[in-house]
Amino acid sequence: MVDIIHRVGMRSAALDDVYAALTTIDGLSGWWTTDTTGDPDVGGLLAFRFPQGGFDMVVLESEPGRKVVWEVVDGPEEWIGTTVRWELRQDGEYVIVLFAHEGWREPVEFMSHCSTKWATFLVSLKQLVETGAGAPAPDDLAISDWH
């Protein structure tokens with residue numbers, strides 16, 4: 001199995017603000033996709049919809065200011081059964097986010113696309129936390145013919 005991993009720092013951010021952006025419908029809608037619904041509590045189901053399709057994820061873990069973990073239960077075949085992990089820590093004036101989309105069965109071309117898209121959405125999360133405005137879908141950065 002292979003994983004997508006990224007690291008991003010948010011300057012002059014509060015851990016609580018980053019955590020809220022990952023654990024509330026308003027927060028998730030502000031950086032990933034405006035069409036976000038569901039229950040962000042542990043055991044809840046989150047639905048993320050994009051013009052190209054969507055994903056359903058169950059919230060497995062949620063530790064305030066530290067960690068959020070989701071399991072993909074519906075969406076593209078390559079995503080089902082994978083987990084999305086967010087680990088947070090304060091490092092001086094930065095909140096560091098260690099991101100992982102874990103458990104891909106093989107490193108296919110779609111994984112490369114998703115890695116780049118995750119990077120653009122992590123920048124959107126950074127923008128939301130630092131400036132108050134992210135770039136969620138449908139206004140996100142198109143990176144290829146797959147969007």
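Just above sits the structure.
Because the structure is predicted, anything quoted here is derived from the model rather than measured.

**Some words on the packing of helix 1 (residues 15-23) against helix 3 (residues 109-131)**
Helices that pack against each other are described as a pair by the angle of their axes relative to one another and the distance between those axes. Viewed as axis vectors pointing N to C, helix 1 and helix 3 meet at an angle of 130°, and their least axial separation amounts to 10 Å. As summarised for this structure, helix 1 and helix 3 are arranged oblique, according to the angle between their axes. When you trace helix 1 past helix 3, the crossing you get is right-handed. Residues Asp17, Val18, Ala21 and Leu22 of helix 1 form the contact with helix 3, whose own contacting residues are Leu125, Leu128 and Val129.

**Describing the layout of surface pockets**
By volume, the largest pocket amounts to about 340 Å³. Around the largest pocket sit 17 residues that line it, and Phe50, Gln52, Phe55, Phe110 and His113 are the ones nearest its centre. Elements with a contribution of two residues or more to the lining of the largest pocket: strand 4 (53-63) and helix 3. The greatest single-element share of the lining of the largest pocket, amounting to six residues, is contributed by helix 3. Among the residues making up the lining of the largest pocket, the classes are represented as ten nonpolar, five polar and two charged.

**A short note on the pattern of salt bridges**
Within this structure, the stated rule accounts for nine salt bridges. Close ionic contact of aspartate 91 with arginine 89 constitutes a salt bridge, the shortest N to O distance being 4.0 Å. What makes aspartate 91 partly exposed here is its relative accessible area of 39%. The residue glutamate 130 makes a salt bridge to lysine 126 at a minimum N-O spacing of 2.8 Å.

Conventions adopted
- Residues numbered from 1 in each chain as written.
- Predicted model: local features only at pLDDT ≥ 70, side-chain atom pairs only at ≥ 80, totals over all residues.
- Heavy atoms only, no water.
- Axes fitted to C-alpha atoms, helices over the stretch in contact; angles between N-to-C directions.
- Helix = DSSP H or I, 4+ residues; strand = E, 2+ residues; numbered from the N terminus.
- Parallel < 35°, antiparallel > 145°, perpendicular 65-115°, else oblique.
- Left-handed = near helix turned anticlockwise from the far one by under 90°.
- Contact = heavy atoms within 4.5 Å.
- 1 Å grid on protein atoms, 1.4 Å probe; cavity = no way out; pocket = protein on both sides within 12 Å on 5 of 7 lines; lining within 4 Å.
- Points joined across faces, edges and corners; volume = space filled by probe spheres on them.
- Nonpolar A, V, L, I, M, F, W, Y, C, P; charged D, E, K, R; others polar.
- Salt bridge = Lys/Arg side-chain N within 4 Å of Asp/Glu carboxyl O.
- Buried < 20%, exposed > 50% of the residue type's maximum accessible area, 1.4 Å probe, protein only.

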